[in-house]
Amino acid sequence: MKLKYTDIQCPHCGHRVHLEIDASNGDQDYYEDCPNCCNPIHLRTHVDELHRQIQLNVDSDDEQIY
């Protein structure tokens, strides 16, 4: 898969952020800082090869997932 582009909203301030997602490395878990408020945005990607889709989960760094 190639690079994908998407827009998200910062979970801290609501600012629209344009992301470039590199799906060539498979599933990923990383942080990017919001260019507006500088808070970290937690991003998790899952590459579904069967359906040729990328699933993107976005949350703030202080949210707990159970």
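Residues numbered from 1 in each chain as written. Predicted model: local features only at pLDDT ≥ 70, side-chain atom pairs only at ≥ 80, totals over all residues. Heavy atoms only, no water.

A. Spatial organisation of the sheet that holds strand 3 (residues 28-33). On the basis of which strands lie adjacent, the open sheet formed by 3 strands has the order 3-4-5 and antiparallel pairing. Where the open sheet ends on each side, the last strands, each with one partner, are strand 3 and strand 5 (53-60). Within this sheet the neighbouring strands show an average axis-to-axis angle of 25 degrees, counted without direction. As paired elements, strand 4 (residues 40-48) and strand 5 share 8 bridges and run antiparallel to each other. Among the inter-strand pairings, V47 is bridged to a residue of strand 5, identified as I54. (Pairing = 2+ DSSP bridges. Helix = DSSP H or I, 4+ residues; strand = E, 2+ residues; numbered from the N terminus. Axes fitted to C-alpha atoms, helices over the stretch in contact; angles between N-to-C directions.)

B. Geometry of the pattern of salt bridges. For the structure on display, the rule yields 2 salt bridges. When the shortest N-O distance is used, the salt bridge between D7 and R16 registers 3.4 Å. R16 gets classed as exposed once you look at its relative accessible area, which sits at 61%. Between D59 and R44 there is a salt bridge whose closest N-O contact spans 2.7 Å. With D59 in strand 5 and R44 in strand 4, the pair connects residues that are 15 residues apart, well separated along the chain. For D59, a relative accessible area of 3% gives the class buried. (Salt bridge = Lys/Arg side-chain N within 4 Å of Asp/Glu carboxyl O. Buried < 20%, exposed > 50% of the residue type's maximum accessible area, 1.4 Å probe, protein only.)

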